[in-house]
Amino acid sequence: MAGRSASARPRDRTAAGGSRIHRWLLGIRHILVEADHLSFVNVYLPWRYPLGSLLMAAVAAVLCGWFVHARAYVLLIGVGSVIGLGLIWPKLSLMALRGRLVFEDRRTVEGKGTRARLVVTNYLPVGSWGLRLHGGEADDSVANLAVVPGWRTTEFEFPYVPRVRGEYPVGTACLRTGFPFGLWEAQRPLESGGSLVVWPLAFPIDAIPEAAASDRTREGLTYLNRAGQTGDFFGVRPYVRGDPLRRIHWAQSARHDRLIVCERQASANLHLQVVLDVDPAVHGGRGPDGSREWAIRVAATLVEAFLARGALVELLAGDRAVSTGSGGQQRERLMDTLARIPAHPSTAIEAMLASRPARRFRDGLQVVITTDRGLDRPGVATIWPRSARAIVLRAGGFERRRGEDGVAASRLPIRPWIELTDADDVRGQFRRAWREVLDAN
């Protein structure tokens with residue numbers, strides 16, 4: 001046993017030494033190969049780009065031809081020809097093109113999209129290859145065009161589905177090409193055939209609460225599920241002194257041997273004011289899945305639902321305001337405003353709550369859509385309207401990665417009417433909370 005243990009020790013020592021060497025080799029490989037300690041200078045390194053590599057090859061050919069042999073100048077001629085053709089041809093091929101981008105519809109909704117048509121005229125006898133349609137400053141390539149034949153006008157039709165609301169194209173749409181070698185891309189702007197306004201997504205919800213009914217007007221456009229004078233048949237009740245005779249249900253009165261009166265629904269004007277906090281400083285996440293875009297979608301849902309029931313709707317969103325109105329034209333104004341909300345508005349939530357439209361709103365339903373960070377801003381709790389309802393999105397929940405647990409909910413200075421914490425199912429959570437609001441109402 002003693003001999004066996006003694007013979008085992010050298011093998012263990014050798015294995016430990018091998019693993020130590022392996023770790024050293026992995027460390028050296030990480031330092032010399034994988035780790036990029038000078039990443040901030042990568043953009044200035046010529047060999048990281050095709051044109052820079054060719055220029056270095058040309059310099060090497062010049063040096064070889066000067067110091068070694070004149071035959072190296074043949075390589076210089078070849079490399080120079082590739083560089084010259086790669087730089088000149090993309091620009092020449094685009095100079096002879098004229099294009100116009102036209103959208104089939106003027107308005108659409110997120111995720112639905114529309115169809116776009118690109119009309120390109122080529123004035124050269126040879127075709128142009130490897131073209132890309134670029135949708136503007138903040139847009140990626142929309143479509144790739146294999147070839148535009150020479151001396152011809154060609155139409156290309158393709159689906160155009162923006163992922164997020166806005167007005168497209170952003171900036172100026174253009175054609176780009178790097179054919180034949182991709183050394184650099186030339187571009188040519190396209191003529192505008194009209195813009196496309198993409199509305200935020202609005203999801204269907206159930207009935208609207210009676211809290212939106214106006215108490216100042218007795219006659220309105222919307223009927224409520226409560227007793228009134230002018231609506232549809234609602235039910236029956238015993239006769240009360242002062243009821244008009246035309247409302248007596250004579251058949252039921254004869255059956256019960258007492259006067260029975262028909263009840264009708266009450267009618268009212270529904271009034272909604274949406275105060276939307278779009279300050280990027282209080283929102284979490286970026287892009288279509290951030291809390292800012294979901295807050296805009298919630299506002300669009302309320303606007304669509306209330307306008308469909310004949311309500312009067314007004315909107316305060318950042319530095320933009322839409323006055324009270326109803327009908328189809330008001331719907332276009334409100335949804336266009338929500339679609340065109342800029343990336344960096346100048347008005348915070350406390351300034352909107354202190355504005356005259358928000359302070360003077362007394363009759364109807366006032367909904368403030370913000371985040372927990374927006375409610376924590378100084379002065380918001382002190383100027384909060386007494387009758388306003390808060391729809392609060394937890395900003396931290398939209399910053400986490402998918403699959404992680406939700407963030408801890410802190411106490412809010414304002415009790416939320418609806419609170420949205422599930423960033424992966426905002427639509428479903430809002431609809432469930434809306435049903436709870438209706439049941440409580």
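Each remark here, short or long, concerns the structure printed above.
Residues numbered from 1 in each chain as written. Predicted model: local features only at pLDDT ≥ 70, side-chain atom pairs only at ≥ 80, totals over all residues. Heavy atoms only, no water.

## Here we look at the pairing of strand β14 (residues 271-276)
Note the threshold: A 1.4 Å probe rolled over the protein chains alone gives each residue an accessible area, and that area as a share of the maximum for its type sets the label: buried under 20%, exposed over 50%, partly exposed in between. Only DSSP runs of H or I with at least four residues qualify as helices, and only runs of E with at least two residues qualify as strands; both kinds are numbered from the N terminus onward. Here, strands pair whenever DSSP counts at least two bridges between them. Every crossover in which the path from the first strand over the helix to the second runs clockwise, viewed with the strands pointing away from the viewer, is termed right-handed.
With 6 of 6 residues buried, β14 is to be regarded as a mostly interior element. Because side chains alternate across β14, one face comprises the buried residues His271, Gln273 and Val275, and the other comprises Leu272, Val274 and Leu276, equally buried. Where β14 lies against strand β15 (residues 312-317), 6 bridges are found, and the strand directions are parallel. The residue of β15 that forms the bridge with valine 274 is leucine 315. Of the crossover connections in this fold, the one passing from β14 over helix α5 (residues 291-307) to the parallel β15 is right-handed. Here β14 runs beside strand β17 (residues 365-371); their pairing, made up of 5 bridges, is parallel. Each residue of the ladder has a partner; that of valine 274, found in β17, is valine 367.

## Notes on the sheet that holds strand β3 (residues 114-122)
Spatially, β6-β3-β1-β10 is the arrangement adopted by the 4 strands of the open sheet, whose pairing is mixed. Sheet topology places β6 (152-160) and β10 (191-192) at the edges, where each strand pairs with a single neighbour. When strand β1 (residues 97-103) meets β10, the two strands line up parallel, connected through 2 bridges. The partner of leucine 101 across the bridge, within β10, is serine 192.

## Details of the packing of α5 against helix α6 (residues 328-339)
For the record, the criterion: Axis angles are defined between N-to-C directions and span 0 to 180 degrees, where every axis is a line fitted to C-alpha atoms and, for a helix, only to the segment in contact. Orientation labels follow simple angle bins: below 35 degrees gives roughly parallel, above 145 gives roughly antiparallel, 65 to 115 gives roughly perpendicular, and whatever is left gives oblique. Residues count as neighbours in contact if any of their non-hydrogen atoms are within 4.5 Å of one another. When residues are grouped by polarity, Ala, Val, Leu, Ile, Met, Phe, Trp, Tyr, Cys and Pro land in nonpolar, Asp, Glu, Lys and Arg in charged, and all others, Gly among them, in polar.
Two numbers describe how α5 lies on α6: the axes approach to 10 Å, and their chain directions differ by 180 degrees. In terms of orientation, α5 and α6 fall into the roughly antiparallel class. Side by side, α5 and α6 meet where Ile296, Ala299, Ala300, Val303, Glu304 and Leu307 of the first sit next to Gln330, Arg331, Leu334, Met335 and Leu338 of the second. When the residues that make up the contact of α5 with α6 are grouped by side-chain class, the tally is 8 nonpolar, 1 polar and 2 charged.

## Comments concerning the environment of glycine 284
Within the secondary structure, glycine 284 sits in the loop between β14 and α5. In the structure, glycine 284 is positioned 111 residues away from alanine 395 in sequence and 4.4 Å away in space, judged by C-alpha atoms. Beyond its immediate chain neighbours, meaning those up to four positions away, glycine 284 contacts Gly290, Ser291, Arg373, Ala395, Phe398 and Glu399.

## Overview of the nonpolar core
As a reminder, the rule being used: Grouping buried Ala, Val, Leu, Ile, Met, Phe, Trp, Tyr and Cys residues that are joined through side-chain atoms within 4.5 Å yields what is termed a nonpolar core.
With 45 residues, the main nonpolar core has Leu276, Leu302, Phe306, Leu338, Ile369, Ile391 and Phe430 as its most contacted residues. The element best represented in this core is α5, accounting for 11 residues. When sequence neighbours within four positions are dropped, the list of residues in contact with isoleucine 369 reads Val274, Val275, Leu276, Asp277, Ala295, Val298, Ala299, Leu302, Ile391 and Leu393. By size, the runner-up hydrophobic cluster in this structure holds 22 residues, among which are Phe156, Leu175, Ala186 and Val198.

## Things to note about the pattern of salt bridges
Spelled out, the test is: Counted as salt bridges are all cases of a side-chain nitrogen of Lys or Arg within 4 Å of a carboxyl oxygen of Asp or Glu.
Under the criterion given, the structure shown has 18 salt bridges. With a closest N to O distance of 3.0 Å, arginine 165 and glutamate 293 form a salt bridge. On the criterion of sequence distance, the pair formed by arginine 165 in the loop between β6 and β7 (166-168) and glutamate 293 in helix α5 is long-range, its members being 128 residues apart. Residue glutamate 263 pairs with arginine 247 through a salt bridge whose shortest N-O separation is 3.5 Å. Here arginine 247 lies in the loop between β12 (222-238) and α4 (250-256) and glutamate 263 lies in strand β13 (residues 260-268), a separation of 16 residues in the sequence. Using a relative accessible area of 13% as the deciding quantity, one classes glutamate 263 as buried. Since its relative accessible area comes to 7%, arginine 247 is described here as buried. A single network of salt bridges, built from pairs that share partners, joins Arg237, Asp243, Arg247 and Glu263.

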